[in-house]
Structure formats: C-alpha cells, structure tokens
Amino acid sequence: RQAESMALQREQFALMQKAAPKHSLTVFLDALLAEQKGDLKRARELTQLLLRATPENPQLLMLAGQVELKLDGIAQARELFGKAAQLAPKAAAPRYQLAQVHMRSGQFDKAISVLKPLADASPPDAKAVTLTAQAQLMSGDSKSADANFAKAAKLVRSEVGSIDIL
C-alpha cells in the first residue's frame, strides 16, 4: 500500500515538474525528495536557491536546516532552525530541532531555554518536556531531569489513555 502511494506521489510530482518546473513549490518538493533520497548536495543547492527568493519561509528554513544538519553544518543548521523558530514562534518542530542542535553542541542551557515555552505551555508539550529532561541530564542536573522525565511520562500516559484501543 505504501509502495502504491509512493508511486502515485512520484507520478504526481512528475506532472508538476512538466507543468511548472520552476515554480517554487515544485522546486521545494524536488529538494524534499532529494533530501529523503540522500542526495544532500542537490537538496542543498535547491534549498539555497529557494532561500534567496523566499528567505522567511519557516518550512523552507526547516528543510534547509535538516539538510545542513545531515551535512554536519551545525552552525548553519542552528541559524536556519533559529530563524524558523523566530518566524513561527508557536510551532514546535523548529524549537525541537534548534534544541537538539544546541544539545549536540553542548549548549544545554540554550536548549532548555528554547524548549521552555513549549514545556511550560498549558497543557505542556510532552516531547519538549522530554527534550528538556535530556538537556538537564546531559548538563548534570539529574534532579530536574528526573522530575521532567516523570512529568513527560505522565503526559504520555494521559495522551495514550485518551485513545480508544480495540
């Protein structure tokens, strides 16, 4: 079933490329597919091309950040995820990615700070609480990390408890 869906997506993308090869959405999807296939050089070229035209698109910044991260461009990824987080302050994904880059760089306090709005939200974001706990643990604050891991476990249990299982 997934193979059929992928084949249909490739077919639809081929039609888009034929109809509007230079349209920004076509180029974005081409970059996304290149990143997914592991053609990071092509994905980087395409995202940089798009960023020159639309430098304040959070989705594009996220894709460009993911490509840079895979190419070990930590500083570039941090900048791209940071800009995406600024442009979409309520979006969780840019904050998750930025926090993970900070943790990878040993900047645990910055990671915690980036996650704080999500972890302190009502209701708290379980993934942000978990990532906060990881940053706290990595920084040596095991007491706070234990408390946040427990908080995250409760949040996940309450989410799972609300799902009807057959």
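Everything below is about the structure printed above this text.
Worth saying up front: this structure is predicted, and the values here are computed from it rather than measured.

Draft legend 1. Local environment of the overall build of the protein. When you go through the protein residue by residue, the secondary structure sums to 9 helices and 0 strands. When its helices and strands are written in sequence order, the protein yields α-α-α-α-α-α-α-α-α. Principal axes of the C-alpha set define a box for the protein whose edges measure 55 × 45 × 25 Å. Going through the 166 residues of the protein one by one, you find that 37% of them count as buried. Of all intrachain contacts in the protein linking residues separated by at least 6 positions in sequence, the fraction that spans at least 24 positions is 39%. Summed over all atoms, the accessible surface of the protein reaches about 10500 Å², with 55% contributed by carbon and sulfur. The protein carries 22 positive and 17 negative side-chain charges, and their two centres are separated by 2 Å.

Draft legend 2. Fine view of the nonpolar core. Counting residues in each nonpolar core, the largest one holds 39 residues, and the members touching the most others are Phe-81 and Tyr-96. When residues of this core are traced back to their parent elements, those giving at least two are α2 (24–37), α3 (40–53), α4 (58–70), α5 (74–87), α6 (92–104), α7 (108–119), α8 (126–138) and α9 (142–161). When residues of this core are assigned to their parent elements, the largest contribution, 7 residues, is made by α4. Every residue in contact with Phe-81, bar those within four places of it in the chain, is listed here: Met-62, Gly-65, Gln-66, Leu-69, Pro-94, Gln-97, Leu-98 and Val-101.

Draft legend 3. Seen up close, α2. Between its terminal C-alpha atoms α2 stretches 20 Å, which fits the 20 Å expected from 14 residues at 1.5 Å a residue. Within the span of α2, buried status applies to Thr-26, Val-27, Phe-28, Asp-30, Ala-31, Ala-34 and Glu-35. In this structure, the buried side of α2 is in contact with α1 (2–19), α3 and α4.

Draft legend 4. Spatial organisation of the side chain of Asp-125. Residue placement: Asp-125 occurs in the loop between α7 and α8. Buried charge without a partner: Asp-125 forms no salt bridge, and the closest opposite charge is Lys-127, 7.7 Å away. A distance of 3.0 Å separates the side chain of Asp-125 from the backbone nitrogen of Lys-127, its partner in a polar contact. Filtering out sequence-adjacent residues up to four positions away, Asp-125 remains in contact with Ala-92, Tyr-96 and Leu-118.

Here is what the cut-offs are and how they apply
- Residues numbered from 1 in each chain as written.
- Predicted model: local features only at pLDDT ≥ 70, side-chain atom pairs only at ≥ 80, totals over all residues.
- Heavy atoms only, no water.
- Helix = DSSP H or I, 4+ residues; strand = E, 2+ residues; numbered from the N terminus.
- Buried < 20%, exposed > 50% of the residue type's maximum accessible area, 1.4 Å probe, protein only.
- Contact = heavy atoms within 4.5 Å.
- Areas by Shrake-Rupley, 256 points an atom, 1.4 Å probe, with all protein chains shown as cover.
- Lys, Arg positive; Asp, Glu negative; His and termini not counted.
- Charge placed at Lys NZ, Arg CZ, Asp CG, Glu CD.
- Core = buried A, V, L, I, M, F, W, Y, C linked by side-chain atoms within 4.5 Å.
- Expected span 1.5 Å × (residues − 1).
- Salt bridge = Lys/Arg side-chain N within 4 Å of Asp/Glu carboxyl O.
- Polar contact = N/O pair within 3.5 Å; in protein donor to acceptor, adjacent residues only side chain to side chain.

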